[in-house]
Amino acid sequence: MDLEQRIKIIFLKNGIVLGFILLALSIFSYYLITRITTSPVLFVAVPIFFSLFIPILLTVFFCFNGRKKLGGYWTFKQATTGIFIMFLVAYLIQFIGKDIVFNKFIEPNNIVNTQNAAITAKAALMKQSGEAPKVIENSIAEMKKDFAMQQNITIGSTIQNIVFSILFIFLFALIFGSLFKKVPPDY
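Residues numbered from 1 in each chain as written. Predicted model: local features only at pLDDT ≥ 70, side-chain atom pairs only at ≥ 80, totals over all residues. Heavy atoms only, no water.

Undergrad: Can you explain the packing of aromatic side chains? Please cite residues and give values.
TA: We describe a pair of aromatic rings using the distance from one ring centre to the other and the angle between the two ring planes. Following the criterion strictly, the structure yields twelve aromatic pairs and no others. Plain terms: the ring middles of Phe11 and Trp74 are 5.2 Å apart, the flat faces sit at 25 degrees to each other, and that makes the pair stacked. Taken together, the positions of Phe11 in helix 1 (residues 3–36) and Trp74 in the loop between helix 2 (40–69) and helix 3 (76–106) put the pair 63 residues apart, joining distant regions of the chain. The pair Phe11 / Trp74 is uniform in exposure class, with both members buried. Seen in terms of ring centroids, Tyr91 and Phe95 are 6.0 Å apart; in terms of plane orientation they differ by 25 degrees. Their pairing is stacked. One end of the pair is Tyr91 and the other is Phe95, both in helix 3 and four residues apart, which spans about a single turn. Using a relative accessible area of 18% as the deciding quantity, one classes Tyr91 as buried. (Phe/Tyr/Trp six-rings, centres within 6.5 Å; stacked < 30°, edge-to-face > 60°. Helix = DSSP H or I, 4+ residues; strand = E, 2+ residues; numbered from the N terminus. Buried < 20%, exposed > 50% of the residue type's maximum accessible area, 1.4 Å probe, protein only.)

Undergrad: Explain a nonpolar patch on the surface to me, using residue names and the numbers behind them.
TA: Among the surface-exposed residues, Ile155, Ile159, Val163, Phe164, Leu167, Phe168, Leu171, Phe172, Ile175 and Leu179 lie close enough to one another that they form a single nonpolar patch of about 1000 Å² accessible area. Along the chain, the position of Leu167 falls in helix 6 (residues 155–180). (Patch = residues over 30% accessible without salt bridge, like charges linked within 9 Å, V, L, I, M, F, W, Y side chains within 5 Å. Areas by Shrake-Rupley, 256 points an atom, 1.4 Å probe, with all protein chains shown as cover. Salt bridge = Lys/Arg side-chain N within 4 Å of Asp/Glu carboxyl O.)

Undergrad: Could you give an account of the side chain of Asn14, naming the residues involved and the relevant values?
TA: Considering the arrangement of structural elements, one finds Asn14 in helix 1. Taking the relative accessible area as the measure of exposure, Asn14 reaches 5% and is therefore buried. Beyond its immediate chain neighbours, meaning those up to four positions away, Asn14 contacts Phe62, Gly66 and Met86. (Contact = heavy atoms within 4.5 Å.)

Undergrad: Got a sec to walk through the packing of helix 1 against helix 4 (residues 110–128)? Specific residues and values, please.
TA: Closest axis-to-axis distance for the helix 1/helix 4 pair is 9 Å, and the angle between their directions is 55 degrees. With respect to helix 4, the element helix 1 is oriented oblique. Note that helix 1 runs across helix 4; the crossing there is left-handed. In contact with Tyr30, Ile33, Thr34 and Arg35 of helix 1, helix 4 contributes Asn110, Asn113, Thr114 and Ala117. Residue classes in the contact of helix 1 with helix 4 are distributed as three nonpolar, four polar and one charged. (Axes fitted to C-alpha atoms, helices over the stretch in contact; angles between N-to-C directions. Parallel < 35°, antiparallel > 145°, perpendicular 65-115°, else oblique. Left-handed = near helix turned anticlockwise from the far one by under 90°. Nonpolar A, V, L, I, M, F, W, Y, C, P; charged D, E, K, R; others polar.)

What follows is the structure, encoded as C-alpha coordinates:
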(Lines give C-alpha, C1' and ligand atoms only; values in the text may rest on other atoms or scores of the structure.)
Protein backbone atom coordinates (compact mmCIF):
# COMPACT_ATOMS: atom_id res chain seq x y z
CA MET A 1 0.00 0.00 0.00
CA ASP A 2 1.44 3.37 -0.98
CA LEU A 3 1.77 6.40 1.30
CA GLU A 4 -1.23 8.24 -0.16
CA GLN A 5 -3.52 5.28 0.60
CA ARG A 6 -2.13 4.94 4.12
CA ILE A 7 -2.76 8.65 4.74
CA LYS A 8 -6.37 8.31 3.64
CA ILE A 9 -7.00 5.22 5.76
CA ILE A 10 -5.29 6.54 8.90
CA PHE A 11 -6.99 9.91 8.76
CA LEU A 12 -10.36 8.41 7.88
CA LYS A 13 -10.11 6.40 11.10
CA ASN A 14 -8.92 9.47 13.01
CA GLY A 15 -11.86 11.43 11.59
CA ILE A 16 -14.32 8.80 12.77
CA VAL A 17 -12.89 8.83 16.28
CA LEU A 18 -12.69 12.64 16.33
CA GLY A 19 -16.25 12.92 15.03
CA PHE A 20 -17.70 10.70 17.73
CA ILE A 21 -15.71 12.46 20.45
CA LEU A 22 -16.92 15.86 19.21
CA LEU A 23 -20.48 14.56 19.00
CA ALA A 24 -20.32 13.36 22.59
CA LEU A 25 -18.77 16.65 23.73
CA SER A 26 -21.44 18.74 22.00
CA ILE A 27 -24.28 16.68 23.48
CA PHE A 28 -22.68 16.83 26.93
CA SER A 29 -22.17 20.58 26.54
CA TYR A 30 -25.85 21.01 25.58
CA TYR A 31 -27.06 19.20 28.69
CA LEU A 32 -24.54 20.99 30.87
CA ILE A 33 -25.65 24.48 29.82
CA THR A 34 -29.38 23.76 29.64
CA ARG A 35 -29.98 21.44 32.56
CA ILE A 36 -27.10 21.39 35.01
CA THR A 37 -25.49 24.80 35.33
CA THR A 38 -27.15 28.07 36.29
CA SER A 39 -24.00 30.18 36.24
CA PRO A 40 -23.82 32.78 33.46
CA VAL A 41 -20.05 32.36 33.35
CA LEU A 42 -20.34 28.61 32.77
CA PHE A 43 -23.00 29.21 30.11
CA VAL A 44 -20.35 31.05 28.11
CA ALA A 45 -17.27 29.06 29.16
CA VAL A 46 -18.59 25.52 28.69
CA PRO A 47 -19.34 25.77 24.94
CA ILE A 48 -16.01 27.50 24.30
CA PHE A 49 -14.14 24.82 26.23
CA PHE A 50 -16.01 21.90 24.62
CA SER A 51 -16.19 23.25 21.08
CA LEU A 52 -12.86 25.06 20.82
CA PHE A 53 -10.13 24.04 23.27
CA ILE A 54 -10.72 20.30 23.47
CA PRO A 55 -11.21 19.89 19.68
CA ILE A 56 -7.99 21.80 18.98
CA LEU A 57 -6.06 19.62 21.43
CA LEU A 58 -7.57 16.47 19.93
CA THR A 59 -6.76 17.65 16.40
CA VAL A 60 -3.16 18.35 17.34
CA PHE A 61 -2.91 14.89 18.94
CA PHE A 62 -4.41 13.15 15.89
CA CYS A 63 -2.15 15.09 13.51
CA PHE A 64 1.02 14.19 15.41
CA ASN A 65 -0.15 10.61 15.90
CA GLY A 66 -1.07 10.20 12.23
CA ARG A 67 2.23 11.67 11.06
CA LYS A 68 4.08 9.33 13.42
CA LYS A 69 2.21 6.31 11.99
CA LEU A 70 3.32 7.40 8.51
CA GLY A 71 6.98 7.41 9.47
CA GLY A 72 7.27 10.97 10.72
CA TYR A 73 7.39 12.77 7.37
CA TRP A 74 4.81 14.06 4.93
CA THR A 75 4.59 16.90 2.49
CA PHE A 76 2.25 19.86 2.71
CA LYS A 77 -0.12 18.26 0.18
CA GLN A 78 -0.16 14.96 2.04
CA ALA A 79 -0.71 16.68 5.39
CA THR A 80 -3.50 18.85 4.01
CA THR A 81 -5.19 15.87 2.34
CA GLY A 82 -5.09 13.72 5.47
CA ILE A 83 -6.23 16.51 7.77
CA PHE A 84 -9.02 17.54 5.37
CA ILE A 85 -10.29 13.94 5.30
CA MET A 86 -10.18 13.81 9.09
CA PHE A 87 -12.01 17.15 9.46
CA LEU A 88 -14.61 16.29 6.82
CA VAL A 89 -15.43 12.89 8.32
CA ALA A 90 -15.62 14.41 11.82
CA TYR A 91 -17.90 17.18 10.51
CA LEU A 92 -20.21 14.68 8.78
CA ILE A 93 -20.50 12.56 11.94
CA GLN A 94 -21.13 15.68 14.02
CA PHE A 95 -23.69 17.02 11.53
CA ILE A 96 -25.61 13.77 11.16
CA GLY A 97 -25.38 12.86 14.85
CA LYS A 98 -26.15 16.25 16.39
CA ASP A 99 -28.01 18.29 13.79
CA ILE A 100 -30.14 15.50 12.38
CA VAL A 101 -30.51 12.64 14.86
CA PHE A 102 -30.13 14.45 18.19
CA ASN A 103 -31.88 17.71 17.30
CA LYS A 104 -34.77 16.12 15.40
CA PHE A 105 -35.46 12.93 17.33
CA ILE A 106 -33.86 12.94 20.79
CA GLU A 107 -34.15 16.62 21.80
CA PRO A 108 -36.48 18.35 19.33
CA ASN A 109 -36.77 21.37 21.67
CA ASN A 110 -33.03 21.87 22.01
CA ILE A 111 -33.04 25.28 20.30
CA VAL A 112 -35.74 26.59 22.63
CA ASN A 113 -33.97 25.09 25.66
CA THR A 114 -30.67 26.67 24.66
CA GLN A 115 -32.35 30.02 24.05
CA ASN A 116 -34.06 29.89 27.44
CA ALA A 117 -30.74 29.07 29.11
CA ALA A 118 -29.12 32.02 27.27
CA ILE A 119 -31.88 34.38 28.39
CA THR A 120 -31.64 33.18 31.98
CA ALA A 121 -27.85 33.55 31.97
CA LYS A 122 -27.98 37.05 30.50
CA ALA A 123 -30.67 38.17 32.94
CA ALA A 124 -28.66 36.81 35.89
CA LEU A 125 -25.51 38.53 34.65
CA MET A 126 -27.33 41.84 34.20
CA LYS A 127 -28.89 41.57 37.68
CA GLN A 128 -25.45 40.89 39.18
CA SER A 129 -24.07 44.00 37.50
CA GLY A 130 -26.91 46.10 38.93
CA GLU A 131 -28.89 46.87 35.77
CA ALA A 132 -32.35 48.34 36.13
CA PRO A 133 -35.27 45.90 35.68
CA LYS A 134 -36.52 47.86 32.65
CA VAL A 135 -33.13 47.57 30.93
CA ILE A 136 -33.09 43.83 31.62
CA GLU A 137 -36.62 43.46 30.20
CA ASN A 138 -35.68 45.35 27.03
CA SER A 139 -32.52 43.31 26.58
CA ILE A 140 -34.41 40.03 27.01
CA ALA A 141 -37.12 41.18 24.57
CA GLU A 142 -34.41 42.01 22.02
CA MET A 143 -32.82 38.56 22.49
CA LYS A 144 -36.18 36.86 21.99
CA LYS A 145 -36.72 38.86 18.81
CA ASP A 146 -33.28 37.84 17.51
CA PHE A 147 -33.97 34.19 18.35
CA ALA A 148 -37.31 34.30 16.54
CA MET A 149 -35.60 35.59 13.40
CA GLN A 150 -33.05 32.75 13.54
CA GLN A 151 -35.68 29.99 13.65
CA ASN A 152 -36.66 30.34 10.00
CA ILE A 153 -34.30 27.67 8.71
CA THR A 154 -34.83 26.68 5.08
CA ILE A 155 -33.30 23.93 2.98
CA GLY A 156 -31.40 26.60 1.03
CA SER A 157 -29.89 28.08 4.17
CA THR A 158 -28.96 24.61 5.40
CA ILE A 159 -27.19 23.82 2.11
CA GLN A 160 -25.48 27.21 2.22
CA ASN A 161 -24.30 26.53 5.78
CA ILE A 162 -22.94 23.11 4.75
CA VAL A 163 -21.02 24.63 1.82
CA PHE A 164 -19.54 27.35 4.06
CA SER A 165 -18.62 24.71 6.63
CA ILE A 166 -16.79 22.62 4.03
CA LEU A 167 -14.93 25.71 2.81
CA PHE A 168 -13.88 26.50 6.38
CA ILE A 169 -12.88 22.88 6.90
CA PHE A 170 -10.63 23.12 3.84
CA LEU A 171 -9.18 26.41 5.09
CA PHE A 172 -8.43 24.87 8.49
CA ALA A 173 -6.94 21.81 6.77
CA LEU A 174 -4.62 24.14 4.84
CA ILE A 175 -3.59 25.89 8.05
CA PHE A 176 -3.06 22.66 9.98
CA GLY A 177 -1.34 21.10 6.95
CA SER A 178 1.17 23.95 6.89
CA LEU A 179 1.74 23.60 10.63
CA PHE A 180 2.17 19.82 10.66
CA LYS A 181 4.01 19.16 7.40
CA LYS A 182 7.44 17.69 7.88
CA VAL A 183 9.45 17.11 4.76
CA PRO A 184 12.18 14.48 4.99
CA PRO A 185 15.68 15.95 5.02
CA ASP A 186 17.72 15.86 1.84
CA TYR A 187 21.02 14.06 2.26
